[in-house]
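Examination of the molecular architecture
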Amino acid sequence: IAAAYEQRVAARKGDSSAGKEPEGLVGAVIERLRTAYIFGLFDSQTGEKAPWYLNPLITFPGMFAFVGVGLWLTKLTGAFKLGVPGELEVPLF
């Protein structure tokens, strides 16, 4: 695992834009995101690249957004109610 990681880091460093330093904070953030490697659940043993939508930088924030929207809709519709029928209802949030 360590050897594969070192190979990926070396390959990414070789792809950088001719050793130029990023300009400013925004440039540094963009360079960091461009070269970020998340130990992937989607890595292939044959070296074949996964589809773009299986990129962990897309799927994980997407999952959090999906769950967040689901919770927001559940609260908006009033689907959660605590209490016994005929008594005062206690709101969950």
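The model shown is predicted, which means the values in this text are computed figures rather than measured ones.

Cut-offs applied
- Residues numbered from 1 in each chain as written.
- Predicted model: local features only at pLDDT ≥ 70, side-chain atom pairs only at ≥ 80, totals over all residues.
- Heavy atoms only, no water.
- Helix = DSSP H or I, 4+ residues; strand = E, 2+ residues; numbered from the N terminus.
- Buried < 20%, exposed > 50% of the residue type's maximum accessible area, 1.4 Å probe, protein only.
- Contact = heavy atoms within 4.5 Å.
- pLDDT = per-residue confidence, 0-100.
- Patch = residues over 30% accessible without salt bridge, like charges linked within 9 Å, V, L, I, M, F, W, Y side chains within 5 Å.
- Areas by Shrake-Rupley, 256 points an atom, 1.4 Å probe, with all protein chains shown as cover.
- Salt bridge = Lys/Arg side-chain N within 4 Å of Asp/Glu carboxyl O.
- Expected span 1.5 Å × (residues − 1).

So, on to the overall build of the chain. Counting its secondary structure elements, the chain contains 3 helices and 0 strands. Expressed as a percentage of the 93 residues in the chain, the buried residues total 4%. Of all intrachain contacts in the chain linking residues separated by at least 6 positions in sequence, the fraction that spans at least 24 positions is 21%.

Next up on the list: the confidence of the model for the chain. On average, residues of the chain carry a pLDDT of 75, and 67% of them reach 70 or more. The secondary structure element of the chain with the lowest average pLDDT is helix α1 (residues 2–14), at 78, and the one with the highest is helix α3 (residues 56–77), at 91.

With that out of the way, let us pick up a nonpolar patch on the surface. Where nonpolar side chains cluster on the molecular surface, the patch consists of Trp52, Tyr53, Leu57 and Ile58 and spans about 470 Å² of accessible area. Considering the arrangement of structural elements, one finds Ile58 in helix α3. Overall, Ile58 belongs to the partly exposed group, its relative accessible area being 40%.

Here the focus is α3. Its 22 residues place the ends of α3 31 Å apart at the C-alpha level, agreeing with the 32 Å of an ideal helix rising 1.5 Å per residue. Phi turns positive one or two residues past the end of α3, at Gly78, with a value near 75 degrees.

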